[in-house]
Amino acid sequence: MNTKINAFLLYVGSSQNEFIKELEASEMVKSIFLVTKEDIEMPTTKCQKLELGSMVSSSAIKAIAEKSDTEYSIIIAKEVNISFGYFAIERFEYIASSTNAGIVYSNYSDNIKGKLTKHPVIEYQVGSLRDDFNFGPMLFVKAEALKEAAANFTEDYKHAGIYSMRLSISKNWGIEHIAEFLYSQTQVDTRKSGKKIFDYVDPANRGVQIEMEKAVTKYLKEVGAYLKPEFTEVKFEDGDYPVEASVIIPVRDRARTIEDAVRSVMKQKTDFNFNLIVVDNHSTDGTTDILKKLAKEFNNIVHIIPERTDLGIGGCWNLGVHNDNCGKFAVQLDSDDVYTSDGKTLEKMVGAFYKENAAMVVGSYTITDADLNEIPPGLIDHKEWTPENGRNNALRINGLGAPRAFYTPMLRDVKIPNVNYGEDYGLGLSISRTHQIGRVYDSVYLVRRWEENSDASLSIEQTNAHNVYKDRLRSYEFKARKELIKKQG
């Protein structure tokens, strides 16, 4: 069999030697490059030391590309142990050569204390622009595509090298997913998904995020999907609105938290009139009775029970926004969360519309436990958003923040997807295509993390389903922006 592959492995110690021996035994592997700065003894005769501080910098990718003198390269840039399945390398090579793909990746299994658990990954789409897209720890890369990507670097990245490489390869080459479990890994980062999803807004990672934004912005410019900071003016008309702002809460079976949410709205201090529209989606746990009681106590609560039984959160939002009681601005509040106790949430959110001439405003929030005690990571302010480039960077990140507020005519025009996840993110992408999104960086919202919350720790299958949908929203928006730019000439 012809030698076709070099392997590049982030070397963390002798625990990886069994995997290295697997590579050594394969007739398809020419050389094994151990990436480390430590003085080490070569585990096998095929091994060479590649002295790099990391594998995610642009200089590392250039060095790997330079050493890639075979048709394909295996790149493993994470601190993991891997064990290949039967003829797994051959399977990677067969799919890569048959499809002429630039990158091939596969499903894998997690080895946790000797027990293998299957870990499926999702298909790559044109909207899979997240820098944390999970390919698994191993990439099977065509050397020609790798060299093209390395030659395309215009920035000296410390952290965004692999991300930029992937984006660059995707321009001219396919990225293929093998829906088979071809290897297992021993996982090092065992944090639950509820913690991982906030990594990108950790202040300690801000430098990383700046690099990632540069990489995706460069890519969008190269493929004709970059939007210049030019926005359609919003002309706020008085219209025939019963109030200036409406808080909208879709709810089903939240007897434990709904009263806290409602009372946090009623405590708002504003110089304008507002109301609360609660769309009670056929609750069965006593939520309806609680809302009826509160509606008697406060005269600015509109309690709606839909006639339809097929509404998700998005559908409930549509019902609230199109109700005659809806104000000029519609402000989000989830049924298990609350506005901050200072009573200034609505005032700050509505004020940002006028101050920034925005069609949508996104606030900042604090993560709490079920009893509203702050827990890590605390404040989520999404300061990676900038007025000039926020809408381009929005295609890379997985959320825009909370609470969200909208100029009601925009929502009535766009319509909200009738789903239970991601509907607000899709709206933000769509609105930002033409209009400015305003920001409030003060914490105006408390988000509970508890056992019944949809964003608590998710299964692999749930996480994958969410990511597939958001990638699809990004794909729609990516294509829409390219079409808009074409029309603008």
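The preceding data block contains the structure.
Residues numbered from 1 in each chain as written. Predicted model: local features only at pLDDT ≥ 70, side-chain atom pairs only at ≥ 80, totals over all residues. Heavy atoms only, no water.

Another point: the overall build of the protein. Helix and strand content of the protein: 15 helices and 18 strands. At 25 Å, the protein has a C-alpha radius of gyration in line with the 23 Å of a compact globule built from 489 residues. By principal-axis analysis of the C-alpha atoms, the protein measures approximately 80 × 55 × 40 Å. The buried share of the protein, taken over its 489 residues, is 56%. Of the contacts formed within the protein by residues at least 6 apart in sequence, a portion of 79% connects residues at least 24 apart. In the structure as shown, the protein presents an accessible area of about 21700 Å², 47% of it carried by carbon and sulfur atoms. (Helix = DSSP H or I, 4+ residues; strand = E, 2+ residues; numbered from the N terminus. Rg over C-alpha atoms; globule rule 2.2 N^0.38 Å. Buried < 20%, exposed > 50% of the residue type's maximum accessible area, 1.4 Å probe, protein only. Contact = heavy atoms within 4.5 Å. Areas by Shrake-Rupley, 256 points an atom, 1.4 Å probe, with all protein chains shown as cover.)

Turning to the packing of aromatic side chains, a few remarks are in order. Within the structure shown, the criterion is met by 22 aromatic pairs. Between the aromatic rings of Tyr86 and Phe87, the centroid separation amounts to 4.4 Å while the plane-to-plane angle is 35°, which identifies the pairing as tilted. Like Tyr86, the residue Phe87 is exposed in the burial classification. Ring geometry for Tyr105 versus Phe135: centroids 4.9 Å apart, planes at 85°, classification edge-to-face. Separated by 30 residues along the polypeptide, Tyr105 in strand 6 (residues 101-112) and Phe135 in the loop between strand 7 (115-119) and strand 8 (138-142) bring together distant segments of the chain. The residues Tyr105 and Phe135 share a single accessibility class, namely buried. (Phe/Tyr/Trp six-rings, centres within 6.5 Å; stacked < 30°, edge-to-face > 60°.)

Looking now at helix 2 (residues 58-67). Turning to helix 2, its buried residues are Ser58, Ala60, Ile61, Ala63, Ile64 and Ala65. Elements that come into contact with the buried residues of helix 2 comprise strand 1 (5-10), strand 3 (47-50), strand 4 (72-76), helix 4 (143-151) and helix 5 (161-172).

Moving on to unusual backbone geometry. Residues Pro376 and Pro377 are joined by a peptide bond in cis, for which omega reads 5°. Here Pro377 is to be found in strand 16 (residues 374-380). Following Ala402, the chain continues into Pro403 via a peptide bond in cis, with omega recorded as 0°. Unlike most non-glycine residues, Lys113 shows phi in positive territory, near 55°.

For strand 18 (residues 437-448), a buried count of 9 out of 12 residues is recorded, marking the element as mostly surrounded by other parts of the structure. Pairing geometry for strand 14 (residues 338-339) and strand 18, over 2 bridges, is antiparallel. Directly across from Tyr339, in strand 18, lies its bridge partner Tyr445. Pairing analysis gives 8 bridges linking strand 15 (residues 360-368) to strand 18, with the strands arranged parallel. Bridge assignment links Val361 to a residue of strand 18, and that residue is Gly438. (Pairing = 2+ DSSP bridges.)

To continue, consider the pairing of strand 4. A regular strand places its side chains on the two faces of the sheet in alternate fashion. Buried residues dominate strand 4, accounting for 5 of its 5 residues. Across the two faces of strand 4 the burial is the same, with Tyr72, Ile74 and Ile76 and Ser73 and Ile75 all buried. Pairing geometry for strand 1 and strand 4, over 5 bridges, is parallel. Each residue of the ladder has a partner; that of Ala7, found in strand 4, is Ile74. As paired elements, strand 4 and strand 8 share 5 bridges and run antiparallel to each other. Across the sheet, Ile76 pairs through a bridge with Met138, a residue of strand 8.

Of note, Arg396 is situated in the loop between helix 12 (390-393) and strand 17 (404-407). Engagement of the side chain of Arg396 in a polar contact is seen with the side chain of Gln209, the distance being 2.7 Å. Every residue in contact with Arg396, bar those within four places of it in the chain, is listed here: Leu129, Arg130, Asp131, Tyr163, Gln209, Met212, Glu213 and Val216. (Polar contact = N/O pair within 3.5 Å; in protein donor to acceptor, adjacent residues only side chain to side chain.)

On to the pattern of salt bridges, then. Enumeration according to the criterion identifies 26 salt bridges in this entry. In this structure, Glu18 engages Lys21 in a salt bridge whose closest nitrogen and oxygen atoms are separated by 3.9 Å. Here Glu18 pairs with Lys21, and both are found in helix 1 (residues 17-25), just 3 residues apart, close to one helical turn. On the basis of relative accessibility, which here comes to 45%, the residue Lys21 falls in the partly exposed class. Glu259 is paired through a salt bridge with Lys293; the nearest N and O atoms lie 3.3 Å apart. (Salt bridge = Lys/Arg side-chain N within 4 Å of Asp/Glu carboxyl O.)

Before going further, it helps to examine the packing of helix 4 against helix 5. It is at 9 Å that the axes of helix 4 and helix 5 come closest, and there the two elements cross at 115°. Handedness of the crossing formed by helix 4 with helix 5: right-handed. Across the interface between the two elements, Ala145, Leu146, Glu148 and Ala149 from helix 4 touch Met165, Ser168, Ile169 and Asn172 from helix 5. For the contact of helix 4 with helix 5, the class distribution of residues is 5 nonpolar, 2 polar and 1 charged. (Axes fitted to C-alpha atoms, helices over the stretch in contact; angles between N-to-C directions. Left-handed = near helix turned anticlockwise from the far one by under 90°. Nonpolar A, V, L, I, M, F, W, Y, C, P; charged D, E, K, R; others polar.)

On to the state of the cysteines, then. Under the counting rule described, the total for this entry stands at 0 disulfides. In this structure Cys316 is not part of a disulfide, and its nearest cysteine sulfur, from Cys326, lies 14 Å away. (Disulfide = S-S within 2.5 Å.)

Further remarks concern the environment of Glu213. Relative to the elements of secondary structure, Glu213 occurs in helix 7 (residues 206-223). Remark: the alpha-carbon pair of Glu213 and Glu384, spanning 171 residues in sequence, is separated by 8.6 Å.

What follows concerns the packing of helix 5 against helix 7. Relative placement of two packed helices is described by the angle separating their axes and the distance separating the axes. Packing of helix 5 against helix 7 brings their axes to within 9 Å, and their N-to-C directions diverge by 10°. On the basis of their axis angle, the class for helix 5 and helix 7 is roughly parallel. Packed against helix 5, whose contacting residues are Tyr163, Ser164, Leu167, Ser170 and Lys171, the element helix 7 presents Met212, Ala215, Val216, Tyr219, Glu222 and Val223 at the interface. In terms of residue class, the contact of helix 5 with helix 7 is built from 7 nonpolar, 2 polar and 2 charged. (Parallel < 35°, antiparallel > 145°, perpendicular 65-115°, else oblique.)

This part takes up the environment of Ser246. Topologically, Ser246 is positioned in strand 10 (residues 245-251). When the C-alpha atoms of Ser246 and Leu346 are compared, they prove to be 9.3 Å apart, with 100 residues separating the residues in sequence. Residues contacting Ser246, with those up to four places away along its chain left out, are Asn275, Ile277, Asn325, Cys326, Gly327, Phe329, Ala330 and Val331.

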